Amino acid sequence: MDGFFTNTEAVKNTHKSVEWYTPAWVFEALGLEFDLDPSSPHDMETVVPASKKYTIFDDGLKKPWFGRVWLNPPYGKDTPMWIRRMIDHGEGIALVFSRTDAAWCQEAMTACTSMLFVAGRINFVPGRENQHKKSRSGAGTVMFAFGEACAGALKKMSDRGVYLECDRQSEKLHSLI
Ligand SMILES: C[S@@+](CC[C@H](N)C(=O)[O-])C[C@H]1O[C@@H](n2cnc3c(N)ncnc32)[C@H](O)[C@@H]1O
């Protein structure tokens, strides 16, 4: 009951700006199915093709991650934790704002198998709270692939932006952060 209360409070305190969801064309372009979406809305079905979804009531950061993971995390102060969890997990695709100066983004750029800097701004799908709003991304999007299968799928989207394979210079780059 304690955990339920805490998570109910968390829902109230969650900024509405996180309730924007990945549009279907992204998954059509990737042509991949996922085993897990660890950050999914609690009050609406998404088009994410994942067989298991965690919501804020589960707290996807505390639950086990398995298989091929799709990650479009809640943005904000917790973004680094979600991205670092994905880096540790090592299999899946993460879609995040392209904040190339941030330490978490630099870590992902050096730990991923490949990445795609998407051209233009993605129109995200509004959640219940944002139905009346137009999607206005505050930044561009980068997608990180972890693992060869995911990198292969991301490469199929390379006409959507700038696709780069990681040259694994992580040790060198980490020393700059
Ligand atoms: C940017 S949306 C992306 C939703 C979905 N993953 C997608 O790609 O369309 C992030 C979602 O994470 C949910 N969320 C926030 N905190 C969470 C947590 N601790 N555990 C699981 N989900 C959470 C939010 O409610 C929101 O629906």
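Computed from a predicted model, the values in this text were never measured in an experiment.

Definitions and cut-offs
- Residues numbered from 1 in each chain as written.
- Predicted model: local features only at pLDDT ≥ 70, side-chain atom pairs only at ≥ 80, totals over all residues.
- Helix = DSSP H or I, 4+ residues; strand = E, 2+ residues; numbered from the N terminus.
- Buried ≥ 20, exposed ≤ 12 C-beta atoms within 10 Å, placed from the backbone.
- Near = placed C-beta within 6 Å.
- Nonpolar A, V, L, I, M, F, W, Y, C, P; charged D, E, K, R; others polar.
- Core = buried A, V, L, I, M, F, W, Y, C linked by C-beta atoms within 7 Å.
- Contact = placed C-beta atoms within 7 Å.
- Arc of directions from axis to C-beta.
- Axes fitted to C-alpha atoms, helices over the stretch in contact; angles between N-to-C directions.
- Parallel < 35°, antiparallel > 145°, perpendicular 65-115°, else oblique.
- Left-handed = near helix turned anticlockwise from the far one by under 90°.

*Asks:* Please clarify how the overall build of the protein should be interpreted in this entry.
*Replies:* In terms of regular secondary structure, the protein is built from six helices and nine strands. Residues counted as buried form 29% of the 177 residues belonging to the protein.

*Asks:* What am I meant to see in the site of the ligand here?
*Replies:* Taken together, 21 residues lie near the ligand, and Tyr21, Ser39, Pro41, Gly60 and Asn72 sit nearest. Its residues assigned to classes, the shell around the ligand shows 10 nonpolar, eight polar and three charged.

*Asks:* Teacher, can you tell me more about the nonpolar core here?
*Replies:* Generally speaking, soluble globular proteins have nonpolar side chains that are buried together. Residues Ile93, Ala94, Met143, Phe144, Ala145 and Leu154 are the most contacted members of the largest nonpolar core, which totals 33 residues. Ranked by residues supplied to this core, first place goes to strand S8 (residues 141–146) with five residues. When residues no more than four places from it in sequence are discounted, the contact partners of leucine 154 are Leu30, Ile93, Ser114, Leu116, Met143, Ala145 and Tyr163.

*Asks:* I would appreciate a short explanation of helix H3 (residues 79–89) in the present structure.
*Replies:* In an α-helix, one turn spans 3.6 residues, which is why side chains three or four residues apart end up on the same side. Among the residues of H3, those classed as buried are Trp82, Ile83, Met86 and His89. Buried residues of H3, seen end-on, are gathered within an arc of 120 degrees and therefore sit on one face of the element. Set apart from the buried face of H3 by more than 90 degrees, the exposed residues are Met81 and Asp88. Of the surrounding secondary structure, the elements contacted by the buried residues of H3 are strand S4 (69–71), strand S5 (92–97), helix H4 (103–111) and S8.

*Asks:* Just checking my understanding: could you explain unusual backbone geometry for this structure?
*Replies:* Phi is mostly negative for residues that are not glycine, and the peptide bonds are mostly trans. Of note in the backbone geometry, aspartate 59 takes a positive phi value of approximately 60 degrees without being a glycine. Within the fold, aspartate 59 resides in the loop between strand S3 (50–53) and S4.

*Asks:* How do you make sense of the packing of H3 against H4 when you look at a structure like this?
*Replies:* The description of two packed helices rests on the angle between their axes and on the distance between the axes. Here H3 crosses H4 at 15 degrees, and the two axes come no closer than 9 Å. By the angle class used here, H3 and H4 are roughly parallel. The interaxial crossing formed by H3 with H4 has left-handed handedness. Each of Thr79, Pro80, Ile83, Arg84 and Ile87 in H3 lies in contact with H4, whose residues at this interface are Trp104, Glu107, Ala108 and Ala111. For the contact of H3 with H4, the class distribution of residues is six nonpolar, one polar and two charged.

*Asks:* How should I be thinking about the environment of leucine 30 in this particular structure?
*Replies:* Examined against the element boundaries, leucine 30 turns out to sit in helix H2 (residues 24–30). Owing to 20 C-beta atoms within 10 Å, leucine 30 belongs among the buried residues under this scheme. Sequence separation between leucine 30 and alanine 153 is 123 residues; the distance between their C-alpha atoms is 5.1 Å. Every residue in contact with leucine 30, bar those within four places of it in the chain, is listed here: Ala153, Leu154, Lys156 and Met157.

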